[in-house]
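Fold and contact review
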Amino acid sequence: MNLRSLSLRLVTWYAGVLTVVFLVLAALTFALLRHYLEANVLDNQARRARQIAATLIAHASRDAEAAVGAQVENLYSPESNDRFIRITRDDGTIVYASGAPRGERFVPSRVPPLGAAGTASAARKVPVGEDALLIAAVPATAADGTRYRVEVGTSAAPLEATLRRLLALLAVGLPLAVAAAAAGGFVLVRRALEPVERIARKAEEITQHNLSERLPRVHSGDELERLSVSLNHMISRLQEAIEGSKQFIADASHELRTPLAVMRGELEGLAQDRLLGRETRETLGSVLEEVERLAEIVESLFALSRLDAGEAHAEWRPFDLAELAATTAEQMSLLATDKNLSIACDSRPGVLVEGDPARLKQVIVNLLDNAIKYTPAGGRVRLSVRREQGFAVLEVADDGIGIPAEALPHVFKRFFRVDRSRSREQGGAGLGLAIVQSICAAHGAHIEVVSGPGRGSTFRLRQPLAAGTPLPV
Ligand code: ADP
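Residues numbered from 1 in each chain as written. Predicted model: local features only at pLDDT ≥ 70, side-chain atom pairs only at ≥ 80, totals over all residues. Heavy atoms only, no water.

So, about the overall build of the chain. Looking only at helices and strands, one finds 9 helices and 12 strands in the chain. Against the globule reference of 23 Å for 473 residues, the chain gives a C-alpha radius of gyration of 51 Å, more extended than a compact globule. Along the first, second and third principal axes, the C-alpha atoms of the chain reach 165 × 55 × 40 Å. Taken over 473 residues, the chain has a buried fraction of 37%. When contacts within the chain are restricted to residue pairs at least 6 apart in sequence, long-range pairs at least 24 apart make up 64% of them. For the chain, the accessible surface area stands at approximately 27,200 Å², while carbon and sulfur atoms represent 57% of it. Distance from the positive charge centre (55 side chains) to the negative charge centre (56 side chains) of the chain: 7 Å. (Helix = DSSP H or I, 4+ residues; strand = E, 2+ residues; numbered from the N terminus. Rg over C-alpha atoms; globule rule 2.2 N^0.38 Å. Buried < 20%, exposed > 50% of the residue type's maximum accessible area, 1.4 Å probe, protein only. Contact = heavy atoms within 4.5 Å. Areas by Shrake-Rupley, 256 points an atom, 1.4 Å probe, with all protein chains shown as cover. Lys, Arg positive; Asp, Glu negative; His and termini not counted. Charge placed at Lys NZ, Arg CZ, Asp CG, Glu CD.)

Before going further, it helps to spend a moment on helix H5 (residues 278-308). One turn of the α-helix equals 3.6 residues, which is why residues spaced by three or four share an orientation. Between its first and last C-alpha, H5 extends 45 Å over 31 residues, near the 45 Å set by a 1.5 Å rise per residue. Looking one or two places after H5, you find glycine 310, whose phi comes out positive at around 75°. (Expected span 1.5 Å × (residues − 1).)

This part takes up the state of the cysteines. On inspection of all chains with the given rule, the structure shows 0 disulfides. Here cysteine 345 stays free of any disulfide, with the sulfur of cysteine 440 as its closest cysteine sulfur at 17 Å. Under the relative-accessibility criterion, cysteine 440 is labelled buried at 1%. (Disulfide = S-S within 2.5 Å.)

Now for empty space enclosed by the protein. Under the definition given, this model contains 1 cavity of 30 Å³ or more. Estimated volume of the largest cavity: approximately 60 Å³. Contributing to the lining of the largest cavity are Ile57, Ala60, Ser61, Glu65, Val68, Ile87, Val95, Ala142 and Tyr148. A class-by-class count of the residues in the lining of the largest cavity yields 7 nonpolar, 1 polar and 1 charged. (1 Å grid on protein atoms, 1.4 Å probe; cavity = no way out; pocket = protein on both sides within 12 Å on 5 of 7 lines; lining within 4 Å. Points joined across faces, edges and corners; volume = space filled by probe spheres on them. Nonpolar A, V, L, I, M, F, W, Y, C, P; charged D, E, K, R; others polar.)

Moving on to the packing of helix H1 (residues 6-57) against helix H3 (residues 157-205). Interhelical geometry of H1 versus H3 gives an angle of 155° and a closest axis separation of 9 Å. Taken together, H1 and H3 sit at an angle that is classed as roughly antiparallel. For the pair H1 and H3, the sense of crossing is right-handed. (Axes fitted to C-alpha atoms, helices over the stretch in contact; angles between N-to-C directions. Parallel < 35°, antiparallel > 145°, perpendicular 65-115°, else oblique. Left-handed = near helix turned anticlockwise from the far one by under 90°.)

Okay, helix H9 (residues 432-442) next. Among the residues making up H9, those that are buried are Leu433, Ala434, Ile435, Val436, Ser438, Ile439 and Cys440. Considering only its buried residues, H9 is in contact with H5, helix H7 (357-373), strand E11 (446-451) and strand E12 (457-464). Just downstream of H9 lies glycine 444, where phi reads positive at about 70°.

This next bit is on the confidence of the model for the chain. Residues at a pLDDT of 70 or more form 96% of the chain, whose mean pLDDT is 90. When the elements of the chain are averaged for pLDDT, helix H8 (residues 420-426) gives the smallest value, 58, and E12 the largest, 97. (pLDDT = per-residue confidence, 0-100.)

The next subject is the packing of helix H6 (residues 321-338) against H7. The description of two helices packed together rests on the angle between their axes and the distance between the axes. Two numbers describe how H6 lies on H7: the axes approach to 10 Å, and their chain directions differ by 35°. Our pair here, H6 against H7, has a crossing hand that is right-handed. When H6 is examined against H7, the residues Leu324, Ala325, Thr328, Ala329, Gln331, Met332, Leu335 and Ala336 are found in contact with a partner set consisting of Pro357, Leu360, Lys361, Ile364, Val365, Leu368, Asp369 and Ile372. For the contact of H6 with H7, a count of residues per class yields 12 nonpolar, 2 polar and 2 charged.

Our focus in this paragraph is unusual backbone geometry. At serine 77, a residue that is not glycine, the phi angle is positive and equals roughly 25°. As for its position among the elements, serine 77 is in the loop between helix H2 (65-76) and strand E1 (83-89). In this structure, aspartate 82 takes a positive phi of about 55° despite not being glycine. Positionally, aspartate 82 belongs in the loop between H2 and E1.

The next subject is the nonpolar core. Judged by nonpolar contacts, the single largest core of 46 residues is most densely connected at Leu321, Leu367, Leu368, Leu383, Leu394 and Val396. When contributions to this core are tallied by element, the ones reaching two or more residues are H5, H6, H7, strand E9 (380-388), strand E10 (391-398), H9, E11 and E12. Taken domain by domain, the makeup of this core includes at least three residues from each of domain 2 (223-308) and domain 3 (316-464). If near-sequence neighbours (up to four positions away) are discounted, leucine 321 is found in contact with Val351, Val353, Val385, Ala392 and Leu394. Ala49, Leu56, Val68 and Tyr148 belong to the second-largest nonpolar core, a separate cluster that totals 18 residues. (Core = buried A, V, L, I, M, F, W, Y, C linked by side-chain atoms within 4.5 Å. Domains from an automatic or database assignment.)

Right, let's get into the environment of serine 342. Relative to the helices and strands, serine 342 is located in strand E7 (residues 342-347). A residue is classified by how much of its surface remains accessible, and serine 342, at 34% relative accessible area, is partly exposed. Along the chain, serine 342 and arginine 382 lie 40 residues apart, while their C-alpha atoms are 8.3 Å from each other. What serine 342 contacts, discounting residues up to four positions off in sequence, is Gly379, Arg380 and Val381.

Another point: the side chain of glutamate 160. Considering the arrangement of structural elements, one finds glutamate 160 in helix H3. The class of glutamate 160 is buried, set by a relative accessible area of 18%.

Dropping the structure here:
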């Protein structure tokens, strides 16, 4: 998994932000709920204390304090209700104090007084031992003017238990909610970014050879649609520019052919004119050589531009590559003999391929021509054609000077020459192998080279056999 992928980064951020938001919300909810519940309980206690003050104490007198205590017991039964009730006279005498509650959660005698009798009302949470009490205190005045303080409280334990349950629920629920949201977010982001993946895959496939193809258009109405449309516009502009420059090369090479042919004819005539001096004729001869080289380059450029334009398959037919190789080797053996080289041809007929025989002949000629050019006298050039698992394999091997490793990836590029001075001497412009590759590409064939300096070179072409080729006997 790519840790830097956009979807993963987005989801990580999303999950992080969501966790922080959830935590803040949970903390706020918890704090507000605790405050609300405590205020509510304290309110109830205060109401009860006011009730005692208004209904029991207001009508009593100092002599009837014992009766007030009994009435409180009767009406409120604080022990069985886990409640704390205490009535204190303003001189500090405790007139009534409830006993230990049923659950024995707190010891009533340890509950500190909540302000002096007769002072203003108070309500708060008071720690008592391990527990805490929520107590409200109100002042009360008896019929004889004696002032009291009525304190009513209850244990905070049930409320704390409720809050603890809420905390446990949040501790389990929050991670689950974040995980579910993150998983959902991941699916959504992946779905939203899926067109990017498709666009990238298609963009990888588009080269100068299939510039007419376009990236898939995303119909999402968002930035991705804009991106796909803009990229397609850019590809259209690139296509126009490349086609323009290809057209220029095609036109220029076509226009140059005729004047060059005329110049060649004129120069050939002049070079043979006996009336001109020897030196002049020699100069004319070397000019003629250069014009011939120029004409070859122009022819190669013209051939390449036609191949680039994608020729019609009108000339295509099934033919025997082995036979074509044998006759071509035969025709070129004279060139080899001139250089004191031998060409060995090993090709058994019956290797049927489909294509333009004239074009594939040009491939064999260019490969043999290079092998002859770059192999010193006395060397050997081997040409072989065989069938191999549904493919026709043509090999041109020599034991010549070879190609250095750093030049190997470039030999099929236009105008590339390993050693410009050496190649120029031999008459090459660096277009022969570019033509070979263009023809191979047009025929669905693959060409590769194995070579090393001083170890000779082997060019290997693999082309699918023509459909219906009989199996070898
Ligand atoms: P050129 O017309 O200059 O030979 P090519 O396109 O045919 O151009 O070849 C490109 C370069 O590859 C040449 O400059 C040459 O150095 C090298 N090359 C091609 N074939 C061979 C070979 N059989 N042996 C050694 N070098 C080769």
